[in-house]
Amino acid sequence: MTQSPTLSRRSTSSTPPLPRKSRQRGADARAGYTFLLPWLLGFIALTVGPMISSLYLSFTNYNLFEPPKWIGLDNYTTLFQDERFLQSVGVTLSYVVFGTPLKLAAALAVAMLLNSKRKGQGFYRSAFYAPSLIGASVSIAIVWKAMFGDAGPVDQGLSFFGINLGGWVGNPSMTMPMMILLTVWQFGAPMVIFLAGLKQIPADLYEAASMDGAGPVRKFFNITWPMLSPVIFFNLLMETIHAFQIFASAYIISNGEGGPAGSTLFYTLYLYLRGFSDFRMGYASAMAWLLVIVVGIITLIFFKTSKSWVHYSGDSK
Amino acid sequence: MISRRNFLTTVALGTASAAALAACGQSAPAQTGSAQNPVTINYTWWGNDDRATRTRKAIELFESKNPDIKVNGNFTDFAGYWQKRATEAAGGGLPDVMQWDLSYLRDYGQRNQLLDLSTVKIDTSGFDKSLLPSGQIKGKTYGIPTSTNAFAVYYDPAKLKTLGVSEPDGSWTYDEYKSWLKEVGAKGNGTFFGSTDFTGIWWQFNIWLRQKNIEAFTEDGKLGFSKDDLKTWWNMASDLRGTPALVSEERTTQLAPKSPFGSNVTVAENTWDNFMAGYLADSGAKELKIVPVPSDDPDNLGLFLKPSMLMVASAKTKFKDASARFIDFMINDPEVGQIFKTSRGVPASKKQRDGTTFEGTDKIVVDYEKSIEKYLKDAPEPPIVGFGTLEASFKRISSDLNFGKLTVDSAADAWFKEAEDLIKQNA
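The shown structure was predicted, so the numbers you read here are calculated from the model rather than taken from an experiment. Counting restarts for each chain: residues are numbered from 1 in the order of the written sequence. Both sets of labels track the order of writing: A upward for chains, 1 upward for ligands. Predicted model: local features are reported for residues with pLDDT of at least 70 only, side-chain atom pairs are reported and counted for 80 or more only, and whole-chain, interface and lining totals are derived from all residues. To obtain the side-chain values, all non-hydrogen atoms of the structure were included, while hydrogens and water were left out.

**Points about the nonpolar core**
Residues Phe194 and Phe266 of chain A together with Trp100 and Tyr108 of chain B are the most contacted members of the largest nonpolar core, which totals 87 residues. With near-sequence residues (within four places) excluded, Phe266 of chain A lies in contact with Ser88, Val91, Thr92, Tyr95, Met176, Met179, Ile246 and Ala250 of chain A. If you look at the next biggest cluster of nonpolar residues, it comprises 71 residues, including Phe151, Leu246, Leu301 and Leu401 of chain B. To define a nonpolar core, start from buried Ala, Val, Leu, Ile, Met, Phe, Trp, Tyr and Cys residues and group those joined through side-chain atoms within 4.5 Å. Only protein chains enter the calculation, and the probe is 1.4 Å; a residue is then buried if its accessible area is under 20% of its type maximum, exposed if over 50%, and partly exposed in between. The contact rule is simple, with two residues in contact once any of their heavy atoms fall within 4.5 Å.

What follows is the structure, given as structure tokens:
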């Protein structure tokens, strides 16, 4: 017990705040708001403001240069007759549905490997985390494109084993596996969170399970999974939202066009093309708001269903 | 651990440098500079490494002759170029001077993003009178052509020799052209392909329409051709797609942004004659030749001289005078002609053309434009607003066609749907 980290708080050295006079409380509040002000101003000017204007623009025909023209719900209704829009939805959904669970599985598996005490553990942790640090960068997408290109290392490596797939970059049926591999490889961020979660599981639970003769599989499903479920839930939610927003790597790998044959036409990429290539900013805004709504609904569903499988330590109260 | 003292020093330094930066910003709006305190204008262009090297040389020359102006140059490839400009235009921060394309002149000019160049001092006395209107919309001059180009079929004579295929002489029908591509593909045996799908190029389609005396766009901004015309056009390559006569779309995608011809994968390619320098640099070939495009009517090749690119300035530039001097220099200076030769096209200004010596491959381009002189018709009708989008979707949809994702009929339907939607949007 002494070695394992405990969930309980450290000794309560901080005493509860003494009741103060209301004038002092007002001064505290003012100081608080003053310190908050820079963030608040930024939040209003850079987040809330643009969001409201984009909501307005989504009901207009706006080409960036001329004043927007009000067209009501037209943008939203034409969306569903737009084949490229439907294609972008399909591409994005398959990326989210296959990429996210695989990424989380990889993150959890490696986190469990790194959880045990070994020599050079620090090195392994940083080595596995490194790809995520440079993850969203343009350079990685370029490297990825070169690796999976015609006669690139992947093509050469596979043909060494007698598998001749050719370059993946130009093959519409191989670009999605490539994009999913790219995201799975960048599992560092959820891995670190998993690792922190694993450290919180009391070792004596495993000891007790071993005494009762439980194998590793049983330990995983009866101890690790339920104890880790809040962390799994958090990672699942964050990575799902994150996956919906994929842009930079798709943009680089497809030369900003979503090709070949629309196979990398991700939602945000199509949104960007609509806004900045076709000058249809109202249409792009409508797409953006639809994405907000859909991600919101998915988050809500996650929270509702989470009750049945996520266990918090404070639940017994 | 940062000590309190260190922290305060850092903050103080940061504040001081921010103030210093702000002070620099305040001195910038001055209209003119001096050798001691030059103004900086931003210039952007699209192109490959070859053009970048030449442009940098031209900029250095300009700076040495105009010590009161510094030029900050920046470039991307064609596709990304227009997305960048749209972002900048939306933010009100277009570069001072830009290389421009006819396809996008209306989008920006008509929407007051470009400077009326007739209000500044630029010498256009050396220009052909019939060429200047292509940069003008409703009486305002938004762009000045740097040079002219014409459409052509490129081929690599050395590769043809190794394959044992004879060189074309440029008087050919579409059937003859196609059987030539088939022969190249068959003898190329997987190492060399005939060409990229010529039916996926808007301008080649436009030329074919003109060969049949059809205009692509009507004066009131509508389409001048029918869906059947487009189907006939795309069907033209139906028997070539998926054969070695045309390089596969997969390869083309992988090779981007270089073209399959520039990457030594195909033996021929249809495009503008000013691509010569770029192709030579990309492919490392010693010699490339150009001949006229095929036509089923030997008296009507549908060819025309197009401003290959234009120089424009941002309507919001703070340095009108410096920008005008840079544009004037780029279009008129004989030494600039000597740097670019025909890589931007044949210089449009007589001053520059006369000051440039054309040898070797550059002479091929100049000679080609001379050889087709008797066939040349007026430059095409000014493209409609949003033409850049249509051109891009033409390329995208014909690429889907090559991937086998669409039939010719559904491809034509898809393009017409997009075109009609776009025309309605901009009406």
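**Some thoughts on the interface of chain B and chain A**
Listed by partner, the interface residues are 28 residues for chain B and 33 residues for chain A. Each of two parts loses accessible area, computed with a 1.4 Å probe, when they are put together; buried area is these two losses added. A combined buried area of about 2400 Å² lies between chain B and chain A, and 49% of that area is made up of carbon and sulfur atoms. In terms of surface lost to chain A, no three residues of chain B exceed Gln83, Arg111 and Gln254 of chain B, which account for 27% of the buried area on that side. For salt bridges, the criterion is a side-chain nitrogen of Lys or Arg within 4 Å of an Asp or Glu carboxyl oxygen. Joining chain B to chain A, the criterion identifies three salt bridges.

**Comments concerning the side chain of Asn235 of chain A**
All names here are of chain A. Inspection of the secondary structure assignment puts Asn235 in helix 10 (residues 216–244). Engagement of the side chain of Asn235 in a polar contact is seen with the backbone oxygen of Pro190, the distance being 3.2 Å. What Asn235 contacts, discounting residues up to four positions off in sequence, is Leu104, Pro190, Ile193 and Phe194. Numbering of helices and strands runs from the N terminus; a helix is a DSSP stretch of H or I covering at least four residues, while a strand is a stretch of E covering at least two. Polar contact is the term for a pair of N or O atoms within 3.5 Å; when the atoms are in protein, one must be able to donate a hydrogen and the other to accept it, and sequence-neighboring residues count only if both atoms are side-chain atoms.

**Some thoughts on the packing of helix 15 (residues 387–402) of chain B against helix 16 (residues 408–426) of chain B**
All names here are of chain B. With their axes 10 Å apart at the nearest point, helix 15 and helix 16 run at an angle of 165° to one another. It follows that helix 15 is roughly antiparallel to helix 16 by the angle criterion. Here helix 15 and helix 16 pass one another in a crossing that is right-handed. On helix 16, the residues that touch Thr389, Leu390, Ser393, Phe394, Arg396, Ile397 and Leu401 of helix 15 are Val408, Ala411, Ala414, Trp415, Glu418, Ala419 and Leu422. Here the nonpolar group is Ala, Val, Leu, Ile, Met, Phe, Trp, Tyr, Cys and Pro; Asp, Glu, Lys and Arg are the charged ones; every other residue, Gly included, is treated as polar. Among the residues making up the contact of helix 15 with helix 16, the classes are represented as ten nonpolar, two polar and two charged. For helices, the axis comes from a line fit to the C-alpha atoms of the stretch in contact; other axes are also lines fit to C-alpha atoms, and the angle between any two N-to-C directions lies between 0 and 180 degrees. An angle below 35 degrees is read as roughly parallel, one above 145 as roughly antiparallel, one from 65 to 115 as roughly perpendicular, and any other as oblique. In this scheme the crossing of two helices becomes right-handed for a clockwise turn of the near helix relative to the far one and left-handed for an anticlockwise turn of less than a right angle.

**Considering the sheet that holds strand 1 (residues 39–46) of chain B**
Residues and elements named next belong to chain B. Any two strands between which DSSP finds at least two bridges are classified as paired. Spatial ordering of the open sheet is given by 2-1-3-10-6-11, a layout of six strands whose pairing is mixed. Each end of this open sheet is capped by a strand with a single partner; those strands are strand 2 (69–76) and strand 11 (346–347). As paired strands, strand 6 (residues 144–149) and strand 11 are joined by two bridges and run antiparallel to one another. Within strand 11, the residue paired with Thr148 across the bridge is Val346. On the sheet, helix 3 (residues 78–90) packs against strand 1, strand 2 and strand 3 (97–100) and is oriented at approximately 135° with respect to strand 1.

**Some remarks on helix 6 (residues 174–188) of chain B**
Helical geometry: 3.6 residues make up each α-helical turn, so side chains three or four residues apart lie on a common side. All names here are of chain B. The length a helix should cover is 1.5 Å for every residue beyond the first. With 15 residues, helix 6 extends 21 Å from end C-alpha to end C-alpha; this agrees with the ideal 21 Å at 1.5 Å per step. Within helix 6 the residues assigned to the buried category are Tyr174, Tyr177, Lys178, Trp180, Leu181, Val184, Gly185 and Gly188. Projection of helix 6 onto a plane perpendicular to its axis shows the buried side chains occupying an angular sector of 160°, all on one side. For helix 6, the exposed residues set more than 90 degrees away from the buried face come down to Asp175 and Ala186. Contact partners of the buried residues in helix 6: strand 7 (151–155), helix 5 (157–163), helix 7 (202–211), helix 8 (227–235) and strand 8 (268–272). Of the residues one or two after helix 6, Asn189 is the one with positive phi, at around 55°. Directions from the helix axis toward the C-beta atoms define the arc.

**Concerning helix 5 (residues 138–147) of chain A**
Residues and elements named next belong to chain A. Taken together, the buried positions of helix 5 are occupied by Ile140, Ala141, Trp144 and Lys145. Taken around the axis of helix 5, the buried residues stretch over an arc of 140°, which confines them to a single face. The secondary structure elements touched by the buried residues of helix 5 are helix 7 (175–185) and helix 11 (248–253).

**Digging into the confidence of the model for chain A**
Caution applies to low-pLDDT parts of the model: their predicted coordinates are not meant to be read in detail. Taken over all residues, the pLDDT of chain A has a mean of 87, while the share at 70 or more is 91%. The quantity called pLDDT is the predictor's confidence in a given residue, expressed from 0 to 100. Within the model, pLDDT remains below 50 along residues 1–13 of chain A, and this stretch shows six contacts once partners closer than five positions in the same chain are excluded.

**So, the pairing of strand 2 of chain B**
Residues and elements named next belong to chain B. Where strand 1 and strand 2 come together, eight bridges link them in parallel fashion. Within strand 2, the residue paired with Asn42 across the bridge is Asn72. Note on the crossover from strand 1 through helix 2 (residues 49–65) to strand 2: the handedness is right-handed. Whether a crossover is right-handed comes down to one check: with the strands pointing away from the viewer, does the path from the first strand over the helix to the second run clockwise; if it does, it is right-handed.

**A word on the pattern of salt bridges**
All chains considered together, the criterion is met by 23 salt bridges over all chains. Through salt bridges with shared partners, a single ionic network connects Asp82, Arg274 and Asp278 of chain A.

**Digging into the packing of helix 8 of chain B against helix 15 of chain B**
Residue and element names in this part refer to chain B. One can describe the packing of helix 8 onto helix 15 by two numbers: an axis separation of 12 Å at closest approach and a directional angle of 50°. Between helix 8 and helix 15, the interaxial angle falls into the category oblique. Considering the relative orientation of helix 8 and helix 15, their crossing is right-handed. The segment helix 8 lies against helix 15, with Leu230, Trp233 and Trp234 engaging Phe394, Ile397, Ser398 and Leu401.

**Comments concerning the sheet that holds strand 7 of chain B**
Residues and elements named next belong to chain B. With respect to topology, three strands assemble into an open sheet ordered 8-7-9, the strand pairing being antiparallel. Edge positions in the open sheet fall to strand 8 and strand 9 (289–291), since each of these has one partner strand only. Going from strand to strand, the sheet's axes swing by 35° on average, the running direction of each strand aside. As defined by bridge partners, strand 7 adjoins strand 8 across five bridges and the pair is classed as antiparallel. Its bridge partner lying in strand 8, Tyr155 is registered against Ala268. Running at roughly 10° to strand 9, helix 14 (residues 360–371) makes contact with strand 7 and strand 9 of the sheet.

**Description of the environment of Ile201 of chain A**
Residue and element names in this part refer to chain A. Within the secondary structure layout, Ile201 lies in the loop between helix 8 (188–199) and helix 9 (203–211). Owing to a relative accessible area of 6%, Ile201 belongs among the buried residues under this scheme. Along the sequence, Ile201 and Ile223 sit 22 residues apart, while their C-alpha atoms lie 8.4 Å from each other. When residues no more than four places from it in sequence are discounted, the contact partners of Ile201 are Tyr206, Ile223, Thr224 and Met227.

**Notes on the packing of aromatic side chains**
In this analysis, rings of Phe, Tyr and Trp, with Trp reduced to its six-membered ring, are considered paired at centre separations within 6.5 Å, and the interplanar angle assigns stacked below 30 degrees, edge-to-face beyond 60, and tilted for intermediate values. By the definition in use, this model includes 70 aromatic pairs over all chains. Between Phe233 of chain A and Trp309 of chain A the ring centres are 6.1 Å apart and the planes differ by 75°, which places this aromatic pair in the edge-to-face class. Of this pair, Phe233 of chain A sits in helix 10 while Trp309 of chain A is found in the segment after helix 13 (281–306), placing the two residues 76 residues apart along the sequence. On the accessibility criterion, Phe233 of chain A (4% relative accessible area) is buried. The exposure class assigned to Trp309 of chain A is partly exposed, which follows from its relative accessible area of 24%. Ring geometry for Phe205 of chain B and Phe225 of chain B: centres 5.0 Å apart, planes at 85°, overall edge-to-face. With Phe205 of chain B in helix 7 and Phe225 of chain B in the loop between helix 7 and helix 8, this pair connects stretches of sequence that are 20 residues apart. You can call Phe205 of chain B buried: its relative accessible area is 0%. Taking NZ or CZ as reference, Lys306 of chain B lies 4.6 Å from the ring centre of Trp272 of chain B, over its face. Whether a charge sits over a ring comes down to the Lys NZ or Arg CZ being within 6 Å of the ring centre and within 35 degrees of the ring normal.

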